[in-house]
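# Structural characterization, general
Here is what each chain is made of, one letter per residue.
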Amino acid sequence: MTAFSLINDTGRRVRFVLDAGLAEADPVNFHPLVNTATTAISQAGFRAFLAALGVTPLIVDFETLTPR
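For the rest of this paragraph, the subject is the packing of aromatic side chains. Per the stated rule, a full pass over the model turns up four aromatic pairs. For the ring pair Phe4 and Phe30, a centre distance of 5.5 Å and an interplane angle of 70° mean the geometry is edge-to-face. Taken together, the positions of Phe4 in the segment before strand S1 (17–19) and Phe30 in strand S2 (residues 28–30) put the pair 26 residues apart, joining distant regions of the chain. The exposure class of Phe4 is buried, given its relative accessible area of 12%.

Here it is, written out as structure tokens:
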């Protein structure tokens, strides 16, 4: 799934989990709803996109998690 697909979650049923490393990267890259291209967006632009949708990401540091 691409982060940009959150625009299609009009019922806000998806809980968006964002890796801590990605939350600090600038720019970030995502597929624009199809995987035939990649779009780069600044971290500020990405956060503005999420805010416009009313999405607050759950930020998780996956590198510190222990595999089960």
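Now that the structure has been shown, the text picks up again.
Time to look at the nonpolar core. Grouped together as the largest cluster of nonpolar side chains are 14 residues, with contacts concentrated most on Phe16, Phe30, Phe46 and Leu50. Contributing elements (two or more residues each) for this core: S2 and helix H2 (43–53). It is H2 that contributes the most residues to this core, four residues altogether. Ignoring any residue separated from it by four or fewer positions in sequence, one finds Phe16 in contact with Ala3, Leu6, Phe46, Leu50, Val55, Thr56, Pro57 and Leu58.

Turning next to the environment of Thr56. Considering the arrangement of structural elements, one finds Thr56 in the loop between H2 and strand S4 (58–60). Judged by its relative accessible area of 59%, Thr56 is exposed. In sequence terms Thr56 and Leu6 are 50 residues apart; their C-alpha atoms lie 11 Å from each other. What Thr56 contacts, discounting residues up to four positions off in sequence, is Arg15 and Phe16.

Mapped onto the elements of the fold, Gln43 is located in helix H2. Overall, the relative accessible area of 12% leaves Gln43 in the buried class. With 39 residues separating them along the chain, Gln43 and Phe4 place their C-alpha atoms 13 Å apart.

Below, the discussion takes up unusual backbone geometry. Comment: phi is negative for the bulk of residues other than glycine, and the bulk of peptide bonds are trans. Going from Asp26 to Pro27, the amide bond is cis rather than trans, its omega being 0°. Along the polypeptide, Pro27 turns up in the loop between helix H1 (20–24) and S2. Here the phi dihedral of Arg12 falls at roughly 50°; this positive angle occurs in a residue that is not glycine. Residue position: Arg12 is located in the segment before S1. Non-glycine residue Leu33 carries a positive phi angle of around 75°. Secondary-structure assignment places Leu33 in the loop between S2 and strand S3 (39–41). Given a relative accessible area of 47%, Leu33 falls into the partly exposed group.

Here is what the cut-offs are and how they apply
- Residues numbered from 1 in each chain as written.
- Predicted model: local features only at pLDDT ≥ 70, side-chain atom pairs only at ≥ 80, totals over all residues.
- Heavy atoms only, no water.
- Phe/Tyr/Trp six-rings, centres within 6.5 Å; stacked < 30°, edge-to-face > 60°.
- Helix = DSSP H or I, 4+ residues; strand = E, 2+ residues; numbered from the N terminus.
- Buried < 20%, exposed > 50% of the residue type's maximum accessible area, 1.4 Å probe, protein only.
- Core = buried A, V, L, I, M, F, W, Y, C linked by side-chain atoms within 4.5 Å.
- Contact = heavy atoms within 4.5 Å.

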